[in-house]
Amino acid sequence: MTTAIVLFRRDLRLNDNPALSAAYASHSRVLPLYIHTENEDAPWQLGGASRWWLHHSLRALHEQLRERGGQLHLCKGNTLPSLRDVIEHSGTRAVYWNRRYEPAAIARDTHVKQALREQGIEVHSYSATLWREPWQVQTKQDAPYRVFTPYWRSVRPTLSVVEPLPEPTGVEWADIPGSAPLEAFELLPRIPWYKAFGESWCPGERGAWDMLELFCDDALRDYAAARDRPARHGTSRLSPHLHFGEISPQQIFHALHRHAQRIDTRRRPDIEPYLRELGWREFAYHLLYHFPRTPVESFNPRFADFPWAPDDDALLRRWQQGRTGIPLVDAGMRELWQTGWMHNRVRMVVASLLTKNLRQHWLHGARWFWDTLVDADLANNTLGWQWVAGCGADAAPYFRIFNPVSQAQKFDPDGTYLRRWLPELAQLPNDLLHEPWKDASVAQRTGYLPPMLNLQASRAAALGAYASWHA
DNA sequence: CCGCAGTTGGA
DNA sequence: CCAACTGCG
C-alpha cells in the first residue's frame, strides 16, 4: 500500500496525463499536489491575466477531484521544501510530474530531481505537452532546426493518431491536513480589470473540451481562410487551455481526426492547416529549449546592436491603452485588455507597429503581452515577438512592415471587428472607420484621438534606420 | 558543394 | 520589385 505524489504544473487535466497514469499504475494511492511557486519562474513569473486563468483552472481541477472523492492539495512556497514537507507528512517515497521546458523550470526541476533522489525518493518525469521532445528532433547535421518549413516537413510525417491515455478510474485519492485555501495564492489581481474574462473563457479541462467541440462544429471546416478574419471566431481559441495543459496536442489531433472521419469524404474538413499551427507551437518550444536565452536576447546575434529608438514610456502607454489613433491597433489592444486575448492577425499588426513604425524594443511588447494575455506562453510569446521584429528564427524580413489600414481593409472589410472594440466609431461609414483622420470633424464628434504617428513617414524612417545599420 | 526555398506584406 | 542570406537536404 504505497502512495505517490503527482505534482501538477502545466498539465491541469486528468485525461491523457502520463504522470498521473504512471503513478496510479505503480501505487495504490495518489496524492495530487499543486505548489504555488511565486518566484521560481522569474523573471517570467505568471502575469496578471495568467493568474486569473490559473485561479479558475485550479478550482476546476479541484472540483473534478472532489467529484471523484479526492481533493487537490495546495501549498505555497518553493518546490523542493514544499515537496519535502508533503513527502514527510504523507510517508510518500515517489513523485511523478510532467516535464516543463522553460529555462528556469528545467533548472529547477533538475535540481529538485537530484536532491530528492539523493534522499532516496523516486522521481519520474514524463512528456505531456508536446508531440516530440525537443532533443528528439534534429537536422541531418544533428543541429536543431531554425526554419519552420523543413522542421515541419521532418516532424509531420512521424506524427500519427494515437489513442490518448484515458483518465484512470478507481483511483484512491490521498491527502494530508494543511492544504492552503486557493484564496491564499492571491491569484486574482487587485484591479478587477479581468471582470469580463469570464464571458469569453471557461478555464479547466471541461472548458477546453467545450472549446474544441465549438471549433469542430463551426470554424474547422473553413479554418484556412476564417482564421485570418478577426471579427469571426475563426480560430480555435485553445491557446490558454493548451498553455495550462488542460488539453494536450495529442488529444486535439486524435479528436480532430475522429471528427473528420465521421464526415463524408466530399465535405470532410482538412485538419492539416490547424495541425500546422500546433506545429508552430511545438517549434517554439523546441527553439526555447535549444536557445534558452531568446526570451531576453534576439535569436539573431546581429541584432545585439540594432538601433531601436530610445525607450519612450508615453508612447508605450498609448500603445498599451489602445489610444494610438490607428483603428485596428486600438481595437486589438482593447480586445486584449478586455478579454485577455487578441486575434493572431491583429497581434502581428500591433507588434509590427510597436517594433517597426515606433521602433521600440520587442521586449516591451513581449512584457505587456506576458502580463495581459491569458495564453501568455514563454515559447510562443518569444517566437512571435522576435518573428515580427525581424530578429527571430525564420523571421519576417525587415522590409515587411504591416500597414494597419490595409490589413483592416483586407481582413475586416465591413469593419465588424473595429466597431466591436471601438464603439465610439461605430456609426462611421466604412471608409472613415478605416481612416478616421480623413475627416477632421471625426475627432471632435467622437472623441477618438488623431493618429499618434504618420504610417508612411514612420515606415520610411524605420526602413532607413535598418538600412544604415545593416550596411 | 550546389541548388532550392523561405507563414502571414507594401507601394 | 524591395535584399540578399542561410538553412537544409
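Since this is a predicted model, take the numbers as computed values, not measurements.

(A) Representation of the overall build of chain A within the structure. Along chain A, the regular secondary structure elements total 21 helices and 6 strands. Taking 471 residues into account, the globule formula puts the C-alpha radius of gyration at 23 Å, and chain A, at 24 Å, falls close to it. Projecting the C-alpha coordinates of chain A onto the three principal axes gives extents of approximately 75 × 50 × 50 Å. Residues counted as buried form 57% of the 471 residues belonging to chain A. Taking all contacts inside chain A whose residues are at least 6 apart in sequence as the whole, residues at least 24 apart take part in 79%.

(B) Highlighting the protein's contact with DNA strand B. In the vicinity of DNA strand B lie 18 residues, with Thr149, Trp280, Trp387, Asp394 and Arg400 positioned nearest. At the protein interface, 60% of the atoms of DNA strand B within 4 Å belong to sugar or phosphate. Contact distances for DNA strand B include 3.3 Å between a base oxygen and a side-chain N or O atom of Trp280. Contact distances for DNA strand B include 2.7 Å between a phosphate oxygen and a backbone N or O atom of Asn403. Elements represented by at least two residues in the surface near DNA strand B include exactly α11 (272-290), α14 (344-357) and α17 (404-411). Looking at the surface near DNA strand B, the element that brings in the most residues is α17, giving 3 residues.

(C) Fine view of helix α10 (residues 249-261). Compared with the 18 Å implied by 1.5 Å per residue over 13 residues, the 18 Å span of α10 between its first and last C-alpha is a close match. Within α10, 10 of the 13 residues are buried, which leaves it mostly tucked inside the rest of the structure. Residues of α10 that are buried: Pro249, Gln250, Gln251, Ile252, Phe253, His254, Ala255, Leu256, His259 and Ala260. The inward-facing, buried residues of α10 abut α7 (205-217), α9 (239-243) and α11.

(D) Inspection of the protein's contact with DNA strand C at higher detail. All residues adjacent to DNA strand C are Thr139, Lys140, Gln141, Pro144, Tyr145, Arg146, Val147, Pro150, Pro397, Tyr398 and Phe399. When the atoms of DNA strand C within 4 Å of the protein are sorted by group, sugar and phosphate make up 68%. Within the backbone of Arg146, one N or O atom sits 2.5 Å away from a phosphate oxygen of DNA strand C. Contact distances for DNA strand C include 3.1 Å between a phosphate oxygen and a backbone N or O atom of Val147. Residue classes in the surface near DNA strand C are distributed as 7 nonpolar, 2 polar and 2 charged.

(E) View of the packing of aromatic side chains. Throughout the structure, instances matching the rule amount to 39 aromatic pairs. Their ring planes at 15° and their centres at 6.0 Å tell us that Phe148 and Trp152 sit as a pair that is stacked. Taken together, the residues span about one helical turn, with Phe148 and Trp152 both in helix α5 (residues 148-155) at a distance of 4 residues. We classify Phe148 as buried; its relative accessible area is 1%. On the numbers, 6.0 Å between centres and 70° between planes, the contact of Trp319 with Trp385 is edge-to-face.

(F) Quick peek at the side chain of Asn17. In this structure, Asn17 sits in the loop between β1 (3-8) and α1 (18-26). Taking relative accessible area as the criterion, Asn17 reaches 0% and is therefore assigned buried. In this structure Asn17 touches Phe8, Asp11, Asn98 and Leu165, once residues within four positions along its chain are discounted.

(G) Summary view of the state of the cysteines. Per the stated rule, a full pass over the model turns up 0 disulfides. Unpaired in this structure, Cys202 has its nearest cysteine sulfur neighbour in Cys216, at a distance of 17 Å. Assessed through its relative accessible area of 13%, Cys216 is described here as buried.

(H) Main features of the UniProt feature "domain: Photolyase/cryptochrome alpha/beta" (unreviewed entry) in chain A. In this numbering, the UniProt entry assigns the feature "domain: Photolyase/cryptochrome alpha/beta" (unreviewed entry) to residues 2-131. Spanning residues 2-131, this segment combines 44% helix with 22% strand, and its end C-alpha atoms are found 31 Å apart.

(I) Inspection of the UniProt feature "binding site: FAD" (unreviewed entry) in chain A at higher detail. UniProt annotation of "binding site: FAD" (unreviewed entry) refers to Tyr223, Thr235, Ser236, Arg237, Leu238, Ser239, Tyr274, Asp375, Ala376 and Asp377 when read in the numbering used here. Spanning 155 residues, the annotated positions stay apart in the fold, the maximum distance between their C-alpha atoms being 22.8 Å. From the set just named, the residues that line the largest pocket comprise Tyr223, Thr235, Ser236, Arg237, Leu238, Ser239, Tyr274, Asp375, Ala376 and Asp377. With respect to the element layout, Tyr223 can be found in helix α8 (residues 223-226). Not counting chain neighbours up to four residues away, the residues in contact with Tyr223 comprise Phe215, Gly234, Thr235, Pro273, Tyr274 and Glu277. Position of Thr235 among the secondary structure elements: in the loop between α8 and α9. You can call Thr235 buried: its relative accessible area is 13%. Each residue touching Thr235, except ones within four places of it in the same chain, is listed here: Phe215, Tyr223, Arg227, Trp341 and His343.

So, how was this worked out
Residues numbered from 1 in each chain as written. Chains lettered and ligands numbered in written order. Predicted model: local features only at pLDDT ≥ 70, side-chain atom pairs only at ≥ 80, totals over all residues. Heavy atoms only, no water. Helix = DSSP H or I, 4+ residues; strand = E, 2+ residues; numbered from the N terminus. Rg over C-alpha atoms; globule rule 2.2 N^0.38 Å. Buried < 20%, exposed > 50% of the residue type's maximum accessible area, 1.4 Å probe, protein only. Contact = heavy atoms within 4.5 Å. Near = heavy atom within 4 Å. Polar contact = N/O pair within 3.5 Å; in protein donor to acceptor, adjacent residues only side chain to side chain. Expected span 1.5 Å × (residues − 1). Nonpolar A, V, L, I, M, F, W, Y, C, P; charged D, E, K, R; others polar. Phe/Tyr/Trp six-rings, centres within 6.5 Å; stacked < 30°, edge-to-face > 60°. Disulfide = S-S within 2.5 Å. UniProt positions renumbered as here; feature names shortened; annotations may be inferred. 1 Å grid on protein atoms, 1.4 Å probe; cavity = no way out; pocket = protein on both sides within 12 Å on 5 of 7 lines; lining within 4 Å.

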